[in-house]
Structure formats: structure tokens, C-alpha cells
Amino acid sequence: MKTENQRAWFLVAPVVLLVAFNALVPLMTVVNYSVQETFGNNQFFWSGLKWFEEILTSERFQAALGRQLFFTFTILIIQIPLGIIIALAMPRRGIWVPVCLVLMSLPLLIPWNVVGAMWNIFALPDIGLLGYFLNQVVGIDYNYTRDPVAAWITLIAMDVWHWTSLVVLLTYAGLVSIPDAYYQAAKIDGASPWAVFRYIQLPKLSRVLTIAVLLRFMDSFMIYTEVSVLTGGGPGNSTTLLSIDLVKIALGQFDLGPAAAMSLIYFLITLAVSWVFYTVMTRNEGK
Amino acid sequence: MTVELRAVTRSVGGEVHIHETSLALKPGGFNILLGATGAGKTTLMKLMAGLDRPTTGRVFMDGRDVTDVAPQKRGVSFVHQFFINYPTMSVFDNIASPLRVAGLSKADIETRVGRAAEILRLTPMLKRRPAELSGGQQQRTAIARAIVKDAGLVLLDEPLANLDYKLREELRDQLPAIFADRGATVVYATSEPSEALLLGGHTATVDAGRITQFGPTPQVYRDPGNLATAGVFSDPPINVAAAVKSGDRVTLDGGLTWSAEGAAARLPDGRYHFAIRPHHVSPEGGTGVPVTGQVLITELSGSESVAHFALGPATWVAQSPGVHPWRVGEPHAFRIDTARGFWFDDNGRRVA
């Protein structure tokens, strides 16, 4: 009797097809474009790594990458500590817990383009609540549509408003999972609040914080919608992050080759940094 | 250090955790709090430590009212059931942590930590982190942290509950010796009657938020003053049945009857509770009133056998040395050594 057959392949076929169509085929299409020169009439010519060289050496890409790194770094520096501080300040028990959790979840539930539109209007110098207040009441000359510094401040404020909640919720979940006994031991020792944070809460939060940093890194590195709606990359190119620039090249100029090469470089950077985080995370688990 | 709870109660959100309780611990001795999970042992210890404030009543230490004194100023240490250590600190730093807070000199800290580590056999592990240690070593680290500061009151809340059998035995043997010559008053919470008997000292039985009895451990075991104490201080659970005494006859709920003997014979007629420890219910061949009951469960520990059997409306437990051929579902004969039983009145107070 034959016990082996090839029928098992049918069972994995749906997954293979699904992965192929939603990941592999699009990715390979991009790879395909990235090594060819495209002309009208659907004519393609092999161009090797020309586009990659061109992108990596172009000042435009380097500037966008620089802005992207600055943006990601700035929001991480603000959101992670701020998220921890808010989570520490939130009540651990009582009727205010669900109230706080719902309030914290609200920004996360708003569609991204709506967030962009909200801040776009909110910060408008002539009619927006924030813009009008800063200009007319405080007396600061604030106009994010004209002034790059104001645009950056608005952009970062928007992202902090939108995403700090995620760090708060993750940290809060980590905090409530610390057994009371640790705090009791600290009380018996007479440890200061700082010592409790440094030697109990922070070590116990290390894993959840690694995940928070990883998520915030990936999301902020790939941010598109909110920025696109808020500033569209302006004024000038001052807030043109990688994704905004990519769309300009791909859809604005319809340079498929360079855009594909840029996509792949962009993808590899995100992947590499995420991999580093993952390695750090698993190394900590081993301890 | 003398420690005294004076008429303390503790309620949280309208729920009473500790009913009015007064207790003066045996100074410089081993005081055991024996009771089931949720009986209030941990709450009592937290009241002594100052981690919880009594709702009413006062706490005294060395004659001083410390009800409003913060835990770190009371000179207490606390070892929790779970192995609580600072995760990122080495074993040395963990043990040293209360001394550092107290502001001792570096040399002082090193000698005291060294001594504590030696007593608990942690010297080779001082540089490691808690997560790299076994459960027993982690708990020994926590105990070292408790003894290093020479606190007058050491609270051990089921410190061995999460250790495996062998380690538990080993550490249980060491604990009284570790504290014997330090002069500290030790409070040890446990849910196991056998642990209380092995550790000796004094025992307070805790039941449903009340201390039902306090005295030297063997005495509390041999001479329970009430039904709750007898119930808490018995493993397997003590057999209890409602009984009626009329003339010189005693009749249990369910019909079993015998002629009253000893102290029970002098009781006035009326309703009582009769309680007898499982090891005074023996298989056929023992002494006492013969009964037959259907065996429901049997347990074998190797050196002894335990059988749960139906008798009247209740399930009784018999415990006997050796291996017995009891078969589940079949009737077997037992003997109840009624002279060894306890008699309690309707309020659960011991009468004979």
C-alpha cells in the first residue's frame, strides 16, 4: 500500500497563492521596474543597477532620508518618555480607569487622513483654533503653510497627539502586570519613587517598551497620509519625507525605474532597522 | 521586638477582611499564622508591616503605637510567596538594597551581605542576576534581604509555597535555625498544618478573617478550643458530624450511636458537634465503634492510605499507616475511636 502521495500540496496551495499575490508578485514587479528603463508604448530596456546608484547618490534622496530620520528620531524622543509619564500618572484602579483608557484610545481610532485634515484646519493661522490663538492672542507669527519651522512643529505635534496613546496603552498594560508584591518590597525597603521606577518598573517594562519603539519606528518611518494632507511636503520641500518624495517621483513624474529603486531601498532600510530591534528583543529574552 | 495588634479590623470597600482581632506575638519566637488561602493571613501581616492601615484599632511595637508609622521606619522585613527581587540588580545588590537605603558604609554593607549570603549559601551566586538562579536560590536571596537588615520583625508570607518539594523541605529545616539566634520576632504564614507542626513555635489559627486560637503549636493542635481551629488545624480535613446526647447515649446525624464515655459522658443532654481526626478512624482491626461505609475516593502516599467514605449524610475520611486494599465503590468496615473525638457546642465552642 502506498502511504505517500502529493495531496498535501493542495492544502498549502491557498496560502502559497495568497502570499504570492499579495506580497511576492507586487514586490517582484517593483524589482522588475527597478532594473529597467521605461519608455512610452510599454518599451523596457535593461539598465542594471543604474537607478539604485542614481538614487543613493542623489542629493534629493539624501535630503529626504535625512528629514525622515530627523522626524522619526524626534517623535521617538518625545513619544516614548511622554507615553511612560502619562501611563505612570494614570490610575491603576477605580472608576477613572475606563475613562482614561477610552480617552487614550480616541486618537488611535481616527482615520489617518482625518487626523491630517483636522490638524490642517486646526493650525490654519487665519481661521484655525490653534493658529488663530497663537497669532492673535499669544502674538507669535505662526504660519505653517509658509514657515518651515512652524510646519515641522505642527507636523511633530500632530504625530505626538496621534500616536503617544499607543505608547501609553502598551506601557500601561505592562505596568498593571507588575505584581503588587514588588511595590510592597520597595515600600519595606523604603525605596524612593525614582528607585521604584529605575529598578522595578523600567526593567519590567523593557520588553513592552522595545515593542513600542519598534512599532513607532516602523509607523513613523513609513508615515504618508497625515503629512500628505497636512503639508503635502511643503512649504517647498521642507517636510518632504521619504514616502512623500516617493509618490512625487512615481506618480508625479512617472519615473517608474527610480521610484522602484527608491521603494526597494526604503523597504530595506525599514527591514534592516526592524531586524536589529528584533535581535535586541530576543537577546533580552534569553537573559 | 514585641508586636501587638489591639482590636484591629480591616475592611475594603465595605467588605470585611479582618474582624476585630487582638494578638500579642511571642517576642523573639516563631509565630505561625495557619489558615486557608483567603482567610486573612496576608492581610494580618500587611497590618503588622504597615503596608495596610487598620480600619479601626491600633498596632503596637515595643510598646509604641506604630499605626501611622511608614513600613520602612518600623524595622520590619517581608518575604513574599513569589520570589520578589529587583530584576536588574545582582544578588549582592539585591541583598544590599535595604542597607544602601539605610545609608550604611561600604565596608559595613560588604561584611553584612557576606554574612547573610553565607548563612543562605548564596556566596557563589553573588554576582549573578535573580533570573539566572533557580527558584530556591531566588527565594533564598529574598530571605537574605530580609535578614540582612536585622529587622526586629520578620514576616514570611508562605515563603516556601512556590518551591518544589525537596527545596521546601530543605529550607524549612533551615529557617528556624537562621532566625533562632537573631532575636527577631518571626511571623510565618502557611496553609499547611504539617508545616506548622514541623516549625513548632506558636501558632495562631486564622479562619474567615478571625484568629480563632493562639498558643504553643502542639497545644493548639492537641487541644483546639473551637470547631474552626480544629477544622483549620487538620489535614486531611477533620470529620465533623451533628450529634445528639440523650442520657448515656450519643447519636450522630445519620443514625450511628454509642454509649458516651469520658468527658463526653458528663455533658448535659442536647445537640452537639462531634469532630474526630482522620487518623482516629481506622480500618477493621482498630479500636472504637464499628461502622461500614461505601468508599468514594482512596489516596495512597506510600506510608499511609486515606479513604473517603459515605457515612450517613456526610463523607468521612479515614487515615491509616500502610497500604490498605480499599476498593472504590465497595463497602468497607471502619472503626471510629470515639474516645479521641472533640465535642463542640452549637456555637462551635469546645466542651469536651
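As the structure is a computational prediction, the values presented were derived from the model and not from experiment.

Along chain B, the regular secondary structure elements total 9 helices and 20 strands. Along the longest, intermediate and shortest principal axes, the C-alpha atoms of chain B span 75 × 45 × 35 Å. Put simply, chain B has 352 residues, and 51% of those count as buried. Expressed as a percentage of contacts within chain B between residues at least 6 apart in sequence, the contacts between residues at least 24 apart total 66%. Summed over all atoms, the accessible surface of chain B reaches about 15500 Å², with 50% contributed by carbon and sulfur. Across chain B, 37 positive and 36 negative side-chain charges occur, with their mean positions spaced 6 Å apart.

Before going further, it helps to spend a moment on the overall build of chain A. Across its full length, chain A carries 12 helices and 2 strands. Starting at the N terminus and walking to the C terminus, you meet the elements of chain A as α-β-β-α-α-α-α-α-α-α-α-α-α-α. Compactness check: chain A gives a C-alpha radius of gyration of 24 Å against a globular reference of 19 Å for 287 residues, more than 25% above the reference. For the C-alpha atoms alone, the extent of chain A along its principal axes is close to 80 × 75 × 30 Å. Going through the 287 residues of chain A one by one, you find that 41% of them count as buried.

With that settled, the discussion passes to helix 6 (residues 129-138) of chain A. Residues and elements named next belong to chain A. When we look at burial in helix 6, the residues that qualify are Gly131, Leu134 and Asn135. Angular distribution of buried residues about the axis of helix 6 spans 85°; they occupy a single face of the element. In helix 6, the exposed positions that point more than 90 degrees away from the buried face belong to Leu129, Gln136 and Val137. Here the buried face of helix 6 lies against helix 5 (112-122).

Turning to the environment of A:Gly131, a few remarks are in order. Residues and elements named next belong to chain A. Position of Gly131 relative to the elements: it lies in helix 6. Assessed through its relative accessible area of 0%, Gly131 is described here as buried. Spatially, the C-alpha atoms of Gly131 and Phe197 are 38 Å apart, while their sequence positions differ by 66 residues. Other than its neighbours up to four places away in sequence, Gly131 contacts Phe122, Ala123, Leu124, Pro125 and Tyr142.

Of the pockets and cavities examined, the second largest pocket occupies roughly 440 Å³. Residue assignment for the lining of the second largest pocket shows that the elements contributing at least two residues are helix 8 (180-189) and helix 9 (193-221) of chain A together with strand 1 (3-12) and helix 1 (41-49) of chain B. Here the residues of the lining of the second largest pocket are counted per class, giving 7 nonpolar, 4 polar and 6 charged.

Residues and elements named next belong to chain B. Taken as a whole, chain B is organised into domain 1 (3-232) and domain 2 (241-344). Between domain 1 and domain 2, the C-alpha centre-to-centre distance is 37 Å. Of the roughly 510 Å² buried where domain 1 meets domain 2, counting both sides, 68% is carbon and sulfur surface. One can count 0 salt bridges joining domain 1 with domain 2. Counting only elements with at least two residues in the side of domain 1 that touches domain 2, the list comes to helix 7 (217-222) and helix 8 (227-232). A class-by-class count of the residues in the side of domain 1 that touches domain 2 yields 4 nonpolar, 2 polar and 1 charged.

Residue and element names in this part refer to chain A. Pairing of strand 1 (residues 36-39) with strand 2 (residues 43-46) involves 4 bridges; the strand directions are antiparallel. Paired with Glu37 across the bridge in strand 2 is Phe45. The loop that links strand 1 with its antiparallel partner strand 2 comprises 3 residues; one of these, Asn41, has a positive phi angle of about 65°.

Our focus in this paragraph is the packing of helix 2 (residues 91-102) of chain B against helix 3 (residues 106-119) of chain B. All names here are of chain B. Running from N to C, helix 2 and helix 3 point in directions that differ by 130°, and their axes come no closer than 10 Å. When the axis of helix 2 is compared with that of helix 3, the two are oblique. The handedness of the crossing between helix 2 and helix 3 is right-handed. Residues Phe92, Ile95, Ala96, Leu99 and Arg100 of helix 2 touch helix 3, and the partners they reach there are Ile109, Glu110, Arg112, Val113 and Ala116. Counted by class, the contact of helix 2 with helix 3 contains 7 nonpolar, no polar and 3 charged residues.

All right, on to the packing of helix 3 (residues 59-89) of chain A against helix 7 (residues 148-176) of chain A then. Two numbers describe a pair of packed helices, the interaxial angle and the distance between the axes. Residues and elements named next belong to chain A. Orientation of helix 3 relative to helix 7, taken along the N-to-C sense of each, is 45°, at an axis distance of 7 Å. Compared by their axis directions, helix 3 and helix 7 come out oblique. Helix-helix and strand crossings are classified by hand; for helix 3 and helix 7 the assignment is right-handed. Within the contact of helix 3 with helix 7, the residues separate by chemical class into 19 nonpolar, 5 polar and 2 charged.

Our next topic: the sheet that holds strand 8 (residues 185-190) of chain B. Residue and element names in this part refer to chain B. Reading across from one edge, 6-7-8-3-9-10 is the order of the 6 strands in this open sheet, with mixed pairing throughout. Each edge of the sheet is formed by a strand with only one pairing partner; in this case those strands are strand 6 (76-79) and strand 10 (210-216). Between one strand axis and the next, the sheet turns through 15° on average, direction left out of account. Helix 1 contacts strand 3 (30-34), strand 6, strand 7 (153-157), strand 8, strand 9 (202-207) and strand 10 of the sheet and is inclined by roughly 155° relative to strand 7. Across the sheet, helix 5 (residues 165-180) is in contact with strand 3, strand 7 and strand 8; its angle to strand 3 comes to roughly 140°.

How each quantity is defined
- Residues numbered from 1 in each chain as written.
- Chains lettered and ligands numbered in written order.
- Predicted model: local features only at pLDDT ≥ 70, side-chain atom pairs only at ≥ 80, totals over all residues.
- Heavy atoms only, no water.
- Helix = DSSP H or I, 4+ residues; strand = E, 2+ residues; numbered from the N terminus.
- Buried < 20%, exposed > 50% of the residue type's maximum accessible area, 1.4 Å probe, protein only.
- Contact = heavy atoms within 4.5 Å.
- Areas by Shrake-Rupley, 256 points an atom, 1.4 Å probe, with all protein chains shown as cover.
- Lys, Arg positive; Asp, Glu negative; His and termini not counted.
- Charge placed at Lys NZ, Arg CZ, Asp CG, Glu CD.
- Rg over C-alpha atoms; globule rule 2.2 N^0.38 Å.
- Arc of directions from axis to C-beta.
- 1 Å grid on protein atoms, 1.4 Å probe; cavity = no way out; pocket = protein on both sides within 12 Å on 5 of 7 lines; lining within 4 Å.
- Points joined across faces, edges and corners; volume = space filled by probe spheres on them.
- Nonpolar A, V, L, I, M, F, W, Y, C, P; charged D, E, K, R; others polar.
- Domains from an automatic or database assignment.
- Buried area = accessible area lost by both parts, 1.4 Å probe.
- Salt bridge = Lys/Arg side-chain N within 4 Å of Asp/Glu carboxyl O.
- Pairing = 2+ DSSP bridges.
- Axes fitted to C-alpha atoms, helices over the stretch in contact; angles between N-to-C directions.
- Parallel < 35°, antiparallel > 145°, perpendicular 65-115°, else oblique.
- Left-handed = near helix turned anticlockwise from the far one by under 90°.

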